[in-house]
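The residues making up each chain are set out below.
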Amino acid sequence: MANFKLGFIGAGFIAKFQAKAMAQIRDVELAGVYALKGTEELAEIAKQSDIGTCVVYDSIAELCKNVDAVAIFAPNFARIQIMTEIVEAAKAGAPLKGIICEKPLGRTVAEAQQLVDLANEAKLPTAYFENQIFMKGIRAQMEQLAPVQQSMGPMALARSAEEHAGPHEGWFWDPTQQGGGVLSDMGCHSIAVGWFVLTPIGKPVTFLEPVSVSAVTSLLKWGVPKYRKQLLERMGVDYSKTPAEDFATGMVTFKNPETGQLVQAQFTNSWMYDKQGLRLLMDGLGPGYAFEQNSLRSPLEVFIGDDAAEAVADSETALEKATASRGLLTVETNEADLYGYVDEIADAVKCFRQGKDGFLNFAYGLEVTKLCQAAYMSAEKGQTVYLNDPATQEALKTYTSLIAQGRGAEVLNVD
Ligand SMILES: NC(=O)c1ccc[n+]([C@@H]2O[C@H](COP(=O)([O-])OP(=O)(O)OC[C@H]3O[C@@H](n4cnc5c(N)ncnc54)[C@H](O)[C@@H]3O)[C@@H](O)[C@H]2O)c1
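Basis of the calculations
- For every chain, the first residue of the written sequence is number 1, and numbering continues from 1 onward in sequence order.
- Confidence filtering applies because this is a predicted model: local features only for residues at pLDDT of at least 70, side-chain atom pairs given and counted only at 80 or more, and all residues used for totals across whole chains, interfaces and linings.
- Strands here are runs of E lasting at least two residues and helices are runs of H or I lasting at least four, both read from the DSSP assignment and numbered beginning at the N terminus.
- C-alpha atoms define the radius of gyration in this analysis, and the globule rule sets the expected value at 2.2 Å times the number of residues to the power 0.38.
- Residue burial is a threshold on neighbouring C-beta atoms within 10 Å of the residue's own C-beta, all placed from the backbone, with 20 or more meaning buried, 12 or fewer meaning exposed, and counts in between meaning partly exposed.
- Strand pairing is assigned whenever DSSP detects at least two bridges linking the two strands.
- Note on terminology: a nonpolar core is any set of buried Ala, Val, Leu, Ile, Met, Phe, Trp, Tyr and Cys residues joined through C-beta atoms within 7 Å.
- The domain limits used here are those given by an automatic or database domain assignment.
- A residue pair is marked as a contact if its C-beta atoms, positioned from the backbone, fall within 7 Å.
- We call a residue near a molecule or strand when the C-beta position, derived from backbone atoms, sits within 6 Å of it.
- Note on residue categories: nonpolar means Ala, Val, Leu, Ile, Met, Phe, Trp, Tyr, Cys or Pro, charged means Asp, Glu, Lys or Arg, and polar means any other residue, Gly included.
- Lines fitted to the C-alpha atoms define the axes, with helices restricted to the stretch that makes contact. Angles between their N-to-C directions range from 0 to 180 degrees.
- Every angle not falling under 35 degrees, over 145, or within 65 to 115 is termed oblique; those three ranges are roughly parallel, roughly antiparallel and roughly perpendicular.
- Take the far helix as the reference: if the near one is turned anticlockwise from it by less than a right angle, the crossing is left-handed, and if turned clockwise, right-handed.

Our next topic: the overall build of the chain. If you tally the helices and strands in the chain, you get 14 helices and 15 strands. Taken over C-alpha atoms, the radius of gyration comes to 21 Å for the chain, in line with the 22 Å a tight globule of 415 residues would show. Expressed as lengths along the three principal axes of its C-alpha atoms, the size of the chain is roughly 60 × 50 × 45 Å. Per-residue burial for the chain yields a buried fraction of 48% across its 415 residues.

This is the structure:
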């Protein structure tokens, strides 16, 4: 079978991570890239890791003509423009078999809806990349617990957290570019994985019906003048003027449409998690059974004392968003696999070869965007938002959070 040719749009952080994931998949090659920056470096990584001859193209149209599928790995604010160009290329005859888009599908429900509509217009299969649903730990607990669930009943409570000390690029911190703060950036992961974990095994990913969302958004570290100044110097974003939340937590309630049972997914996300590095923490509780996964618990630890610390080159080779280069360090040896990137690419390629959507398609990404934006709405109102209320669904269609509008100072505590 000929290799499946993937093209990347974007050559930054996630593109490089996904390239590492591709090195672990057969029959796929990185055939090309289009981005504003970082393309030569990505092409070199592709060469070094033997995942293909990554040709650098100077337009999306040219890239689309030469690959089997494209993956949108560019910033959130560029989604609509990029997707419009992909659809134009497809209509002009580019032989695409599918389009991949990283999370979040849109910065608002309207943007996510536009992505769904554009993909439908091009009549192309889609894959929405929500990696945590592909984590081997999440899938393994489901397999282990399937027989227990059959006899005891489905899981009733899921708790999901993704936390680190803050993003690597200025645009993530700018709520008008990114679509909000940590809730828009990482809340989408935690809400999606909570929904998935609660879904009775074998049922479709949107089987459980969202009933309500109740959330809080706060600015706990990066609004404090001393850290605000650091942020301005490092990232060029002024949180005294346009702040975004660095902490968000909340609860989504779902209803099982067959039994009427209510189940809940709690989510917690922060950019103020000053521990070793990125932590993904998920647990689930059913009647008489449970699971827990913590990505900071690795079988491998290394210790680097003060005297030896000068020799450390790059702490991020041990762990994503690592904040320390000495002491007792957690090391994850295969983060691309641990976080689900390997399996999400393999799934998209397998499905696109068969002419169908990935396990998670853009329509699913739109539903996750709705939940995420309902969480902003709830935090703004200080009230639970009911998703089974048609008026709420209508309001969400045109909703942009105050934080995303650059008016975060009206709802967040800024001295
Ligand atoms: N699933 C995950 O765990 C995960 C992790 C990180 C990022 N992401 C998502 O991936 C996307 C990219 O994030 P990142 O961290 O790689 O960002 P980044 O800033 O590190 O890299 C962005 C890349 O896109 C390019 N770019 C910018 N504007 C462009 C445009 N208009 N057209 C084409 N290329 C353009 C940049 O030059 C750069 O190469 C975001 O949507 C983010 O939410 C997902």
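Moving on from the coordinates now.
Our next topic: the pairing of strand 10 (residues 262–270). Pairing analysis gives seven bridges linking strand 7 (residues 157–163) to strand 10, with the strands arranged parallel. Residue Glu162 lies in a different strand from strand 10, and its bridge partner there is Asn269. Judged from the nine bridges that link them, strand 9 (residues 247–255) and strand 10 form a sheet pairing that is antiparallel. By the bridge assignment for strand 10, Val252 is matched with Ala265. Hairpin geometry of strand 9 and strand 10 is characterised by an intervening segment of six residues between the two adjacent antiparallel strands and by a positive phi of about 80 degrees at Gly260.

The biggest cluster of nonpolar side chains holds 120 residues, and the ones touching the most others in it are Phe8, Ile9, Cys64, Val70, Ile86 and Ile191. Per-element accounting of this core gives the leading share, 11 residues, to helix 9 (residues 182–198). Residue assignment places this core across two domains, with domain 1 (4–132 + 342–361) and domain 2 (135–338 + 369–410) each supplying three or more. Look past the residues within four positions of Val70 in its chain and what remains in contact with it is Gly7, Ile9, Leu63, Cys64, Ile86, Leu96 and Ile99.

Before going further, it helps to spend a moment on the site of the ligand. Of all residues adjacent to the ligand, which total 21 residues, the nearest are Gly10, Gly12, Phe13, Leu36 and Ala78. Counting residues per element, the shell around the ligand draws most heavily on helix 1 (residues 13–22), which supplies three residues. For the shell around the ligand, the class distribution of residues is 12 nonpolar, five polar and four charged.

With that settled, consider the domain arrangement of the chain. Here the domain parsing of the chain yields domain 1 (4–132 + 342–361) and domain 2 (135–338 + 369–410). Computed over C-alpha atoms only, the centres of domain 1 and domain 2 are separated by 24 Å. Every contact between the two is made by 21 residues of domain 1 and, on the other side, 26 residues of domain 2. Listing elements by their share of the side of domain 1 that touches domain 2, those giving two or more residues are helix 1 and helix 5 (109–122). Looking at the side of domain 1 that touches domain 2, the element that brings in the most residues is helix 1, giving four residues. Looking at the side of domain 1 that touches domain 2, its residues break down into 12 nonpolar, five polar and four charged.

What follows is about the sheet that holds strand 10. Across the sheet, seven strands lie side by side as 12-11-7-10-9-8-15; this open sheet has mixed pairing. Edge positions in the open sheet fall to strand 12 (289–294) and strand 15 (385–386), since each of these has one partner strand only. Strands strand 11 (279–286) and strand 12 of the sheet are contacted by helix 6 (residues 136–152), whose axis makes an angle of about 175 degrees with strand 12.

Take the packing of helix 9 against helix 13 (residues 362–381) next. Remark: helix 9 packs on helix 13, axes separated minimally by 9 Å, with the N-to-C direction vectors making an angle of 120 degrees. Regarding the angle of helix 9 to helix 13, the classification is oblique. Here helix 9 and helix 13 pass one another in a crossing that is right-handed. Mapping the contact onto sequence places Leu183, Ser184, Gly187, Cys188, Ile191 and Ala192 in helix 9 and Val368, Leu371, Cys372, Ala375 and Tyr376 in helix 13. A per-class count over the contact of helix 9 with helix 13 returns nine nonpolar, two polar and no charged.

What follows is about the environment of Lys221. Locating Lys221 in the fold gives a position in the loop between strand 8 (209–218) and helix 10 (225–235). Distance in space between the C-alpha atoms of Lys221 and Arg353 is 46 Å, their sequence separation being 132 residues. With residues near it in sequence (within four places) discarded, Lys221 still touches Tyr227, Asp246 and Met272.

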